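# Observations on the three-dimensional arrangement
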Amino acid sequence: MKKLLYVFLSSFFVLSLAGCGRAAKAPADPAPVESGQRTSLFTLVEGAGTDTLLLAGETAGEVFTLDAEDLCLFQDGSRAEPSALQNGQQLEVAFESLDEGFPAAVLGAKTASIQPCRGYFDLCGLYLQVLEDLWGDEPALNDAVKFINVDLSTAPGNLTEGEKAAIAHVFAQRHGARALTLTYEQLGAQGYLGKATTATDGTLFYTDGFREGLSFSISPAVDHFSSPTRLWFSAQKYAGPLAAVFFEECSAFWPEGKSWADGKAAGYTVESYAVS
């Protein structure tokens, strides 16, 4: 009963104290919107400090690029310098249309306003760093990789489906591979893991492994409960039953008003490490 109450209270505080470990703020004043334009809220996943921003929306496949060279930026109702942009921010962008393709370009965007962050600030950045750290571990597994699968279906922190797709896209692009966003079961069902074998309990497993790729996953840490300033998770790099890396019982911290990637004040730790 005590454990159940703790889970309830933890969930309550995570939902009620969103935004970099602080109480949620009211939305910032929007930037001016010209006639014929519409607005949408995006997460800035990558590209702060450059002329090309990678944005994520709410639903599956909503990954966009935005030319920020001539973008007028607003914060708290006033004009802001381009240096105010940070990966992980929420941007309300006024634009004309979206083109086709993946990622799709945001067309006719002239203004954007920085909104208060929701949940764990720059969670995409944290998970991209975890994936890069896994990539660098046991590098021999990375040879001749054609596909990189990133399974964030159970990743803690309430990522949007668009953010999950953006993380997979960025990570696969960095390493010259095609991005997939499938669960282990879906990888097997779609033929990426070879022939299935039935275990004694009736579940399927695959002895061949991922012969043309690697699968990465991030999931909740067992027996650990997250708070508004501390997130617990586990991560895995999988090439096959005897070729995998495990980061277990990881945690990241969000000091008030700072990104997890602030450097001196924040980071993530791995309490348990294993290789098979």
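Check the entry above for the structure.
Residue positions are given per chain, counting from 1 as you read along its sequence in written order. The model is predicted, so local features are restricted to residues of pLDDT at least 70 and side-chain atom pairs to those at 80 or more, both for listing and for counting; the totals for chains, interfaces and linings are taken over all residues. As a convention, hydrogens and water are excluded, and side-chain values are obtained from all of the structure's heavy atoms.

## Looking at a negative patch on the surface
- Taken together, the side chains of D51, D67, E69 and D70 define an acidic patch exposed on the protein surface.
- With respect to the element layout, E69 can be found in the loop between strand 3 (63-67) and strand 4 (72-75). Two joining distances apply to patches: 9 Å for like charges and 5 Å for nonpolar side chains (Val, Leu, Ile, Met, Phe, Trp, Tyr), and every residue must have over 30% relative accessible area and no salt bridge. Here the open area of atoms and residues is found with the Shrake-Rupley method and a 1.4 Å probe, where only the protein chains shown may cover a residue. A carboxyl oxygen of Asp or Glu within 4 Å of a side-chain nitrogen of Lys or Arg is what we treat as a salt bridge. Counting rule for charge: Lys and Arg are taken as positive, Asp and Glu as negative, and neither His nor the chain ends is counted. By convention, charge coordinates are those of NZ in Lys, CZ in Arg, CG in Asp, or CD in Glu. A run of DSSP states H or I qualifies as a helix once it reaches four residues; a run of E qualifies as a strand once it reaches two. Both are numbered from the N-terminal end.

## Things to note about the packing of aromatic side chains
- Aromatic pairing here means that ring centres of Phe, Tyr or Trp (its six-membered ring) are within 6.5 Å. Orientation follows from the plane angle: under 30 degrees is stacked, over 60 is edge-to-face, and everything else is tilted. Within the structure shown, the criterion is met by twelve aromatic pairs.
- Taking 5.3 Å as the distance between ring centres and 70° as the angle between the ring planes, the aromatic pair formed by F42 and F64 counts as edge-to-face. Residue F42 is found in strand 1 (residues 38-46), and its partner F64 is found in strand 3; the two are separated by 22 residues along the sequence.
- For F64, a relative accessible area of 7% gives the class buried.
- Relative to Y206, the ring of Y184 has its centre 5.8 Å away and its plane inclined at 75°; by these criteria the two rings are edge-to-face. Taken together, the residues Y184 in helix 4 (residues 184-189) and Y206 in strand 13 (residues 204-206) connect sequence positions 22 residues apart.
- The buried label applies to any residue whose accessible area, calculated with a 1.4 Å probe on protein chains only, is under 20% of its type's maximum; exposed applies above 50%, and partly exposed to all values in between. A residue is classified by how much of its surface remains accessible, and Y184, at 30% relative accessible area, is partly exposed.
- Taking the relative accessible area as the measure of exposure, Y206 reaches 6% and is therefore buried.

## Some points on the pairing of strand 8 (residues 104-107)
- For two strands to be treated as a pair, DSSP must find no fewer than two bridges joining them. Where strand 3 and strand 8 come together, two bridges link them in parallel fashion. Within the sheet, the bridge partner assigned to F64 lies in strand 8 and is A104.
- Summarising the sheet, strand 7 (residues 97-98) and strand 8 pair through two bridges and their orientation is antiparallel. In the sheet register, L98 faces strand 8, and the bridge partner there is V106.
- Turn length for the strand 7-strand 8 hairpin, with the two strands adjacent in sequence and antiparallel, is five residues, and the turn residue G101 shows positive phi of about 110°.

## Topic: the nonpolar core
- What we call a nonpolar core is a set of buried Ala, Val, Leu, Ile, Met, Phe, Trp, Tyr and Cys residues that are connected through their side-chain atoms within 4.5 Å. With 44 residues, the main nonpolar core has L126, Y127, I148, I218 and F233 as its most contacted residues.
- At the level of secondary structure, the elements contributing two or more residues to this core comprise strand 2 (52-56), helix 2 (123-136), strand 10 (147-151), helix 3 (161-174), strand 14 (213-219), strand 15 (230-240) and strand 16 (243-253).
- Looking at this core element by element, the count peaks at nine residues for helix 2.
- Core analysis: the next-biggest nonpolar cluster, separate from the first, contains 20 residues, F42, A84, A104 and A109 among them.

## Regarding the environment of A68
- Tracing the sequence through the fold places A68 in the loop between strand 3 and strand 4.
- Judged by relative accessible area, A68 falls into the buried class, the value being 13%.
- Considered as a pair, A68 and D51 are 17 residues apart in the sequence and their alpha carbons are 4.8 Å apart.
- Any pair of residues with heavy atoms lying within 4.5 Å of one another is described as a contacting pair. Beyond its immediate chain neighbours, meaning those up to four positions away, A68 contacts T50, D51 and L53.

## Looking at helix 3
- For helix 3, built from 14 residues, the straight-helix expectation of 20 Å at 1.5 Å per residue is met to within 8% by its first-to-last C-alpha distance of 20 Å.
- Burial analysis of helix 3 places eleven of its 14 residues in the buried class, which makes it a mostly covered element.
- Those residues of helix 3 that fall on the buried side of the exposure criterion are G162, E163, K164, A165, A166, I167, A168, H169, V170, F171 and A172.
- G176 lies just past helix 3 and shows a positive phi near 65°. The length a helix should cover is 1.5 Å for every residue beyond the first.

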